[in-house]
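# Architecture at a glance
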Amino acid sequence: MHPFAIATAGDAAYFPLLQGLVRSIRAFPQGAGVPITVLDLGLGAEDRRWLTGEGARLTVPGWDHPFDRPMPEYFKAMVSRPHLPNHVPDAAIILWLDADCWVQDWSAIELLLAGAAATGFAIVPELDRAYTPFHDGAPYAHHLHDWYKACFDEDTARRLFAYPLLNSGVFAARRDAPHWALWARLLADSLRRTVLFVSEQVALNLALRTGGLPFSQLPARCNWICFRATPFGSADGRMLLEPELPHAPLGILHLAGYPLPRKQDPHTLSTPEGGTVTRPLSHEPPPGTPHARVEEALGRAFALYRQGKPEDCGRLCRAILTASPDQTAAAFLLGVVDFSLGRQEDSRRHFALAVALQPDLADAFSNLALLERHARPRLAAALIRRALRLQPDALLFTRLGTLFRDERRGGEALEAHRRALALQPDSAEAWRESAHSMRAAKRLAQAAQGYDHAHRLAPERTELLCDRLFASLSICDWRTHEETCRRLLDVIDRDRGVVLPLLSLLIGTSPAQQDRAARRFHREAVGPVSPAAAPRRALPPGGRLNIAYLSADFHDHATARLTAELFELHDRARFSIFGYSYGEDDGSPMRRRLEAGFDRFRDLRQADPGTVAALCAEDGIHILVDLKGYTQNVRLTLLARRLAPIQVAYLGYPGPLGAELLDYAIGDRIVTPPEHQPFYRERLVRMPDSYQVNDRRRPTDAPTPTRAACGLPAEGIVFCAFHAAFKIAPDLFALWMRILRRVPASTLWLLDAGSDATANLRAEAARHGVEPGRLVFAAPRPQAEHLARYRLADLALDSFPYTGHTTTSDALWMGAPVLTLHGGTFASSVAASLLHAAGLPETVTGSFAEYEERAVQLAGQPATLTGFRHRLEAGRSTAPLFDSPRFTRHLERAFQTMWDRHAAGLPPEAFTVELS
C-alpha cells in the first residue's frame, strides 16, 4: 500500500484544469510516482487517454447518494468525496485536491500529510468568516445558522453556526478516520432535506465537530483562492497575474467557483522555483464585460434557488436566456425551477432546450424522464436509456426499474434493479426500489430481504424499517414484529424519523401518535412548502355547487365499489358532479359506469398540477373531495396547489394527514368523536349514521358454492376473516387460535395471500396448539363469487387495530354477522361504526377478552347467529348503512354547510350533520 494517494474529479469541461493539476504534481520529484485517482464525471475518450498516460487511475463513482429530484451537475464530485475510501483502495492517506488546483510548493502537501497522519484529518481553512461569494456579499457567517437548520435541525444550528465553515476542496485524511462514514451519513441526511451548495461543507463540519475527531488546520500559506484577493487581470480578462501576497511561497493555488465556460488550458505552470509569473489561468473576467455579467447572473440565479426563492430564480434565468439564448446552465436551472413549482410543461420545454444546447447532458434526459413517468412511461424509459448511454448510473437504472414496475413489466424491472445494484451495491435506495419491484411481482419474501438489506445500509432511514415491517406482515412473518413495532413507536414519540402514515395505523398507535407520524411524513416526503392560497369562486344566486371527486381509484377498486352509486345519486338540481381521475383506465365495467355517473369525467394522468388547477378553474370547482389520503398512488402535490376554495378528505384514508392541505374530513360520531379534533388539521364533520357510503348495486345473485368446493369441512362452525394478510397481527392471530381451541371442530377461513403467508400461518397455528389443517384458504375470485362465499360463514372475525372497512361492509351486505373490537382511533373503529349503522351493535366488543368470549358464546348459539343473519338481510333495504339516497342527502347537507360558512367569510369549523 502506498503511503498516500491524490484524488480529484472532473468532466470534459474541467479537463484543462485536470491537466494543469496533474502536470503540477508531476513537476516535483516527490510527485513523480504518486498514485493519482480521478473520479470520472464525464470525461471524453481523449481526456481519459491523456490521464492514463500520465499514470492516473480513472474510476466512475456514480452518485454516492441517490436523489429523487433534479440535482445540479456539480454535486457529483461533492457527494463522492465522503466515499473516497471506496474509490481509492490502495493508500493509507487520501489527499483530495479540487480539479482547479495547482501545486505550487510541495511543502504544502507534506504539511497536509503530516496533519492527517497525526490527527486523522487535515484541512486548509480556505473558507472563513470573510469568505463571501454566492450571497450578494453577505458574510458566510450570516447564513450559517439558516444552512445548518435547513440541512439538519435547530439544535445543530444553534451549536455550530458560530464556527467557521470549512471547505472540502483541499484536505487529507487517513483511511481509518471515522469521519468518512459519519460525513457520508450526515450528507445523505442533509441532501434529503434540501439542495444547498454548502450541504457538503456543513455535513463535514458536523462530522468533525460532533464526531469527536481532532483535525489539523493548515496555515494560510498553504492555499490561496481567488475570492480572497482581487487577482490582477490582463486587459482581455484571460490572463491572471499572481498578486503579491504577504506569505510566500504559495503552497496550493486554488481557483474556486468559476463557471465552466471560462475554463482555459494553462499552457505554462509554476515550478518549485517559480516566482511572480504570468499564466493563462481560468478566472472570472473583470467586472463590466458582457460575459462576466451573464456568469454573474447565473451565480445569482443558483444562489436564489438555493435560498428557496424559485420564482425569483426563474425570472433571472428567463432574463439570462433572453440576453444570451445559448446558456445551457440557465435553461437547465429554469427546468428545475419549473419542475419544483409544478409547471411541468414549462419544465419539459426548458430541459428540451438544455438538451438541444448540450446533447450529451445526461441529467437533462433524466429529468425529462421524471416529467414523463406518469403520462408517457414508455417515452420516459427511452429517455432514461438515452441518459444511461451517456452516463451509466445506478440511480438511472433504479428509475428505469421503477418505470418498468409501474408498467407491470416485472421481469424488466428486476433486471434494471439488478444492474443498479451491480453498479452501487451499497445504495440503500437501490435496494429499496428493487424490493418494491419484488413486492409488485408477488415475491414478498425476497422483498422483505431487500428492505432488510436497505435498512442495514441506512439504519437512520426509519421509513426502510417501515417497508420491512409491511413486507413481513404481508407474509405473516412475525419474528421481529414486537421489536420493530416498539422501535417505530419510539421513533414517533421522540420524533426521530419518518414512520409511514398508513403503517402507523397498523401498529397500535393513538390518535396523537398518528398525527405526529403524519406531520413528520408530510414535512419530509412532501415538503415544508405552504399550500397555495385558496382560489376565490362565487356561486351565483340559485346556482349549483360544483363538486369534484379526486382519486386514482376510479376503476375496479374497493373505493369505487363503495362510491359508484353516490356519484349517480347526487341532486343535479343543486350540484354538478365532476370526476377527476389520475389512475389507470382498466377498461372494466366499473370504469365505464363511473365515467357515466359524473356530469363530467376528466382523465388527468397526463396533467401536471398547473394544468389540473387550470381545469378546476375552468370547471368552477367549489368543493374538491380527495378520496385518497396517504394511500397508493396519491398525488399530494395536487392538493397543495389548492384546487378549490374548499378541500375535503373522505373515505380513502382513515386518519389525519398532518398537513394544512384540506379544510374538512368526513367522519362520524364513532370514528371521529369530538375529542379527536386536536389530532386533525382538518375540521371534523360527523355524519349522522356512518361515514361510509355503500353501493346498493353490489352483486348478491351469484350461486352459493358448496362447502366441499371451498375446501371447508362438511360440519362445524366456520369463522371467516377475509382480510389482507398485513392486517393480521400476531396478538390478533393468537386470539383467533384461542377461539379455535375453545370451539371444537371449528374452522378459520382466510384469504389466500400466497405460499409464504400460508406456510407461516399454519406454522403459527401449530405453535399455538391448533391443527394447521383447521386453517382453510380462499383463492381469489371475481367480486360476485367472492361475496357469495360469505353465505357459508357462520361468523366473520374482524381484524385489529386496522379493522375491516370494505371487507366488513361486504360481509354485512351478504348477511354475515361480524365480530369486532372498538378501538380508539379512526382505523380501529370503522367496523364498529358500520355495525351500528347496520343495526347489529351486539357484536361490537371493548377488549380482546370480551371479543374471545363473545366469539365462543356465539359459536354455541346457532339460533342467535341465524337471527343476526336474518336481521342483516332484512336491513339490506332498510338499514342506514345501505340507504345510499339517505347518505347522499346527508353528505350534500354537509357540502352546503361548508359552502355557506365559506361564503359568509367564516373559517372552517367542525360540525355534526343532523338527521333528515
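Attention shifts here to the sheet that holds strand β25 (residues 818-821). Taken in spatial order, the six strands line up as β23-β22-β21-β24-β25-β26 in an open sheet, and their pairing is parallel. Looking along the sheet, the strands with just one partner apiece sit at the ends: β23 (775-778) and β26 (844-845). In this sheet, strand β24 (residues 795-797) lies alongside strand β21 (residues 718-721) in parallel orientation, the contact comprising two bridges. Of the residues in β24, the one forming a bridge with C720 is A796. Against the sheet, helix α33 (residues 848-859) makes contact with β21, β24, β25 and β26, and its axis sits at roughly 165 degrees relative to β25, the strand it touches most.

For strand β2 (residues 36-40) and strand β3 (residues 56-59), the ladder comprises four bridges, and the chain directions are parallel. Pairing of V38 across the sheet is with L58, part of β3. Of the crossover connections in this fold, the one passing from β2 over helix α2 (residues 45-53) to the parallel β3 is right-handed.

It is worth spelling out the confidence of the model for the protein chain at this point. A residue-level look at the protein chain finds 87% of positions with pLDDT of 70 or above and a mean pLDDT of 86. Within the model, the stretch residues 127-141 combines pLDDT values under 50 with 35 contacts to residues more than four positions away or in other chains. The model gives residues 225-249 a pLDDT under 50, and that stretch makes 60 contacts with residues more than four places away or in other chains.

Tallied over the full model, the rule gives 25 aromatic pairs. With 5.1 Å between their ring centres and 65 degrees between their planes, W813 and F882 make a pair best called edge-to-face. With W813 in helix α31 (residues 806-813) and F882 in the loop between α34 (862-875) and α35 (884-903), this pair connects stretches of sequence that are 69 residues apart. As far as the burial class goes, W813 and F882 line up, both buried. Counting every residue linked through ring pairs, the aromatic cluster contains Y549, F554, F567, F598 and F601. Its guanidinium or amino end placed over the ring of F722, R789 lies 5.9 Å from that ring's centre, counting from NZ or CZ. Positioned over the ring face of W813 is R876, at 5.5 Å from the centre of the ring.

Pairing between side chains of opposite charge can happen when their charged atoms approach one another. Evaluated as defined, the whole model comprises 62 salt bridges. When the shortest N-O distance is used, the salt bridge between D495 and R520 registers 2.9 Å. Here R520 lies in helix α23 (residues 511-526) and D495 lies in the loop between α21 (481-494) and α22 (501-504), a separation of 25 residues in the sequence. With a shortest N-O distance of 2.3 Å, R520 and E524 are connected by a salt bridge. Taken as a pair, R520 and E524 lie in helix α23 at a separation of four residues, close to a single helical turn.

So, about the sheet that holds strand β19 (residues 664-668). Sheet architecture is open: eight strands sit in the order β16-β15-β14-β17-β18-β19-β20-β27, paired in parallel fashion. Looking at which strands have only one partner, the edges of the open sheet turn out to be β16 (600-603) and β27 (911-912). In the sheet, strand β14 (residues 545-551) pairs with strand β17 (residues 623-626) via four bridges, with the strands oriented parallel. Note on β17: the bridge partner recorded for A548 is L624.

All right, on to the packing of helix α11 (residues 310-323) against helix α12 (residues 328-340) then. Where α11 contacts α12, the axes come no closer than 9 Å and their chain directions differ by 150 degrees. Classified by the angle their axes make, α11 and α12 are roughly antiparallel. In this structure, α11 crosses over α12, and the sense of that crossing is left-handed. In contact with P310, C313, G314, C317, R318, I320 and L321 of α11, α12 contributes A330, A331, L333, L334, V337, D338 and S340.

On to the nonpolar core, then. One recurring pattern in soluble globular proteins is that nonpolar side chains are buried together. Counting residues in hydrophobic clusters, the biggest one holds 153 residues, and the most contacted among them are Y549 and W736. The biggest single contributor to this core is helix α28 (residues 730-742), with seven residues. The next biggest cluster of nonpolar side chains, apart from the first, holds 44 residues, and it includes A380, A381, I384 and A387.

Turning our eyes to something else, we now look at the environment of L43. With respect to the helices, strands and loops of the structure, L43 is situated in the loop between β2 and α2. Residue L43 is classed as buried on the basis of its relative accessible area, which comes to 4%. Separated by 34 residues in the primary sequence, L43 and A9 have C-alpha atoms spaced 9.7 Å apart. Ignoring anything within four residues of it in the chain, the contact list for L43 reads G10, D11, A12, F15, L18, V38, R48, L51 and L58.

Turning our eyes to something else, we now look at helix α8 (residues 179-193). Look at α8: 21 Å from first C-alpha to last across 15 residues, which is about the 21 Å you get at 1.5 Å a residue. With respect to burial, α8 is a largely interior element, eleven of its 15 residues being buried. Of all the positions in α8, only H179, W180, L182, W183, A184, L186, L187, A188, D189, S190 and L191 are classed as buried.

Conventions and cut-offs
Residues numbered from 1 in each chain as written. Predicted model: local features only at pLDDT ≥ 70, side-chain atom pairs only at ≥ 80, totals over all residues. Heavy atoms only, no water. Pairing = 2+ DSSP bridges. Helix = DSSP H or I, 4+ residues; strand = E, 2+ residues; numbered from the N terminus. Contact = heavy atoms within 4.5 Å. Axes fitted to C-alpha atoms, helices over the stretch in contact; angles between N-to-C directions. Right-handed = clockwise from strand over helix to strand, strands pointing away. pLDDT = per-residue confidence, 0-100. Phe/Tyr/Trp six-rings, centres within 6.5 Å; stacked < 30°, edge-to-face > 60°. Buried < 20%, exposed > 50% of the residue type's maximum accessible area, 1.4 Å probe, protein only. Lys NZ or Arg CZ within 6 Å of the ring centre and 35° of its normal. Salt bridge = Lys/Arg side-chain N within 4 Å of Asp/Glu carboxyl O. Parallel < 35°, antiparallel > 145°, perpendicular 65-115°, else oblique. Left-handed = near helix turned anticlockwise from the far one by under 90°. Core = buried A, V, L, I, M, F, W, Y, C linked by side-chain atoms within 4.5 Å. Expected span 1.5 Å × (residues − 1).

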